[in-house]
Amino acid sequence: MSENLPANANETLDAATIEALTASGIPANRMILIGTKEWITGVIRNLHSVRFAEVGAWSQLVPTRNKGEMISVLMRRRSQDQI
């Protein structure tokens, strides 16, 4: 696990989210949404409606340390030569 994550990350982040945040050596772009469950769900649906990303491409919503706050991550692999 990455040293950049909080000490209690195992308690608040699921394995898919941790993998998306810490995948090393894999060229990828990541979009992280942090906020209320309703806000994140709305943003994900809006991004789906404009064909940016499928709803199922996002990690499971998991709580952060802050009350009422959730996180979801979208990870897209990219080629080495892409900026």
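Residues numbered from 1 in each chain as written. Predicted model: local features only at pLDDT ≥ 70, side-chain atom pairs only at ≥ 80, totals over all residues. Heavy atoms only, no water.

(A) Representation of the overall build of the protein within the structure. Helices and strands together make up the secondary structure of the protein, namely three helices and three strands. Listing each helix as α and each strand as β along the protein from the N terminus yields α-α-β-α-β-β. Buried positions account for 33% of the 83 residues belonging to the protein. The contacts in the protein between residues at least 6 apart in sequence include a share of 54% that link residues at least 24 apart. Total accessible area computed for the protein in this model is approximately 5800 Å², and 50% of it derives from carbon and sulfur atoms. (Helix = DSSP H or I, 4+ residues; strand = E, 2+ residues; numbered from the N terminus. Buried < 20%, exposed > 50% of the residue type's maximum accessible area, 1.4 Å probe, protein only. Contact = heavy atoms within 4.5 Å. Areas by Shrake-Rupley, 256 points an atom, 1.4 Å probe, with all protein chains shown as cover.)

(B) Seen up close, the packing of aromatic side chains. As enumerated under the stated definition, the model contains zero aromatic pairs in all. The positively charged end of Arg76 is found above the aromatic ring belonging to Phe52, 4.6 Å away from the centroid. (Phe/Tyr/Trp six-rings, centres within 6.5 Å; stacked < 30°, edge-to-face > 60°. Lys NZ or Arg CZ within 6 Å of the ring centre and 35° of its normal.)

(C) Representation of the pairing of strand 3 (residues 70-77) in the model. Relative to strand 3, strand 1 (residues 28-35) runs antiparallel, the two being bridged by eight bridges. By the bridge assignment for strand 3, Asn29 is matched with Arg76. Bridge analysis of strand 2 (residues 62-63) against strand 3 gives two bridges, and the strand direction is antiparallel. Directly across from Val62, in strand 3, lies its bridge partner Ile71. If you look at the hairpin formed by strand 2 and strand 3, you'll find six residues sitting between the two strands, and Gly68 has a positive phi there, around 80°. (Pairing = 2+ DSSP bridges.)

(D) Region of interest: the confidence of the model for the protein. Predicted confidence across the protein gives a mean pLDDT of 80, with 73% of residues reaching 70 or more. When pLDDT is averaged over each element of the protein, helix 3 (residues 37-49) comes out on top at 98 and helix 1 (residues 9-12) at the bottom at 52. This stretch, residues 1-5, has a pLDDT under 50; its non-local contacts, to residues over four places away or in other chains, come to eight contacts. (pLDDT = per-residue confidence, 0-100.)

(E) Region of the structure containing the sheet that holds strand 3. The three strands lie next to each other as 1-3-2, forming an open sheet whose pairing is antiparallel. Edge positions in the sheet fall to strand 1 and strand 2, since each has one partner strand and no second. Along the sheet, helix 3 makes contact with strand 1 and strand 3, crossing strand 1 at roughly 140°. (Axes fitted to C-alpha atoms, helices over the stretch in contact; angles between N-to-C directions.)

(F) Broad picture of unusual backbone geometry. The residue Arg51 is not glycine, and still its phi comes out positive at about 60°. Residue placement: Arg51 occurs in the loop between helix 3 and strand 2.

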